[in-house]
Amino acid sequence: YNTGTLNIDGGTLALADGQSIRLGQINPAPEGHLNLTSGEITSATDNTVLEIGTYGTGFFNQSGGTSTVGTVNLGDQANTVAGTMSISGGVFNVNSSIEMSDQDDPATLNVGGSGRLNLNGANINMDGTGAEINLNGGIVDFATNCKIQGAYGNVNIDGGTLMASGATADTGID
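So, a few notes on the structure that sits alongside this text. In this text the structure is predicted, and so the values were computed from the model without any measurement. Note that residues are indexed from 1 along each chain, following the sequence as it is written. Totals for whole chains, interfaces and linings use all residues, but because this is a predicted model, local features are given only for residues with pLDDT of at least 70 and pairs of side-chain atoms are given and counted only at 80 or more. Water and hydrogen atoms play no part in the side-chain values, which are based on all heavy atoms of the structure.

1. Here we look at the overall build of the chain
Here a helix means four or more residues in a row that DSSP labels H or I, a strand means two or more in a row labelled E, and each is numbered from the N terminus. If you tally the helices and strands in the chain, you get zero helices and 14 strands. Listed N to C, the secondary structure of the chain is β-β-β-β-β-β-β-β-β-β-β-β-β-β in terms of helices and strands. For 174 residues, the compact-globule formula gives about 16 Å, and the C-alpha radius of gyration of the chain, at 15 Å, lands near that figure. A 1.4 Å probe rolled over the protein chains alone gives each residue an accessible area, and that area as a share of the maximum for its type sets the label: buried under 20%, exposed over 50%, partly exposed in between. Counting the 174 residues in the chain, one finds 47% classified as buried. When contacts within the chain are restricted to residue pairs at least 6 apart in sequence, long-range pairs at least 24 apart make up 73% of them. Each radius of gyration reported is based on C-alpha atoms, and the globular scaling rule is 2.2 Å times the count of residues to the power 0.38. Two residues qualify as a contact provided that any one of their heavy atoms is within 4.5 Å of a heavy atom in the partner residue.

2. Here's the deal with the nonpolar core
Grouped together as the largest cluster of nonpolar side chains are 34 residues, with contacts concentrated most on Val 72, Phe 92, Met 100, Leu 117 and Leu 119. For this core, the element with the most residues is strand 6 (residues 82-100), which contributes six residues. Apart from the residues within four sequence positions on either side, Leu 117 is in contact with Ile 87, Phe 92, Val 94, Ile 98, Leu 109, Val 111, Ile 139, Val 140 and Asp 141. Nonpolar cores are built from buried Ala, Val, Leu, Ile, Met, Phe, Trp, Tyr and Cys residues. Side-chain atoms within 4.5 Å join them into one set.

3. Focus: the environment of Phe 60
Looking at the element boundaries, Phe 60 is found in strand 5 (residues 57-76). Taking the relative accessible area as the measure of exposure, Phe 60 reaches 0% and is therefore buried. With ten residues separating them in the primary sequence, Phe 60 and Leu 50 have C-alpha atoms 9.2 Å apart. Residue contacts for Phe 60: discarding those within four places in its chain leaves Leu 23, Leu 34, Ile 41, Leu 50, Ile 52, Ser 67, Thr 84, Met 85, Ser 86 and Phe 92.

4. Concerning the pattern of salt bridges
By definition here, a salt bridge exists when the distance from a side-chain nitrogen of Lys or Arg to a carboxyl oxygen of Asp or Glu is within 4 Å. The full count for this structure, using the stated rule, is two salt bridges. A salt bridge links Arg 22 to Glu 51; the shortest N-O distance between them is 3.4 Å. A residue pair is termed long-range when its members are at least 10 positions apart, and Arg 22 in strand 2 (residues 20-23) and Glu 51 in strand 4 (residues 49-54) qualify at 29 residues. Here Glu 51 falls in the buried class, since its relative accessible area comes to 11%. Among the ionic pairs, Arg 116 bridges to Asp 141, the shortest N-O distance being 3.0 Å. One end of the pair, Arg 116, is in strand 8 (residues 116-119); the other, Asp 141, is in strand 11 (residues 139-142), and 25 residues separate them in sequence.

Here it is as structure tokens:
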């Protein structure tokens with residue numbers, strides 16, 4: 001059983017084209033944590049991935065700062081996976097997609113407090129029964145050409161703001 005934690009409290013973690021951050025990635029039964037309280041995670045291109053709970057258990061917690069990635073894979077790949085992404089402060093930008101619960105694995109996206117999730121042309125794909133989105137505060141902003149889609153999962157809104165700032169945004173669930 002392997003556990004790792006990366007705490008970012010200031011400074012910049014810069015991802016080059018094709019690079020990934022993997023939390024809970026390698027067998028057997030890993031657990032990975034990333035906590036961003038200030039500073040930033042930047043991406044040179046949209047070809048970067050934040051993987052949370054791929055073949056293990058992953059947690060991403062943002063309480064401040066700014067993050068920008070191309071794709072987020074949340075609870076993806078194997079049946080023993082759990083991925084949790086929580087944004088309670090700061091701004092998280094996704095420029096390609098959020099892929100949730102590919103094989104019915106637990107995948108939870110929480111937005112609350114003063115956190116803001118900006119979907120810049122990015123869809124949220126809820127592909128398995130374990131997918132859950134909780135908006136308890138903060139803002140989820142669907143910019144141009146975005147939507148939540150998939151045949152499974154739950155979207156729970158108990159506060160906060162769900163907005164469509166782009167002219168072609170679609171906040172309906174397919």
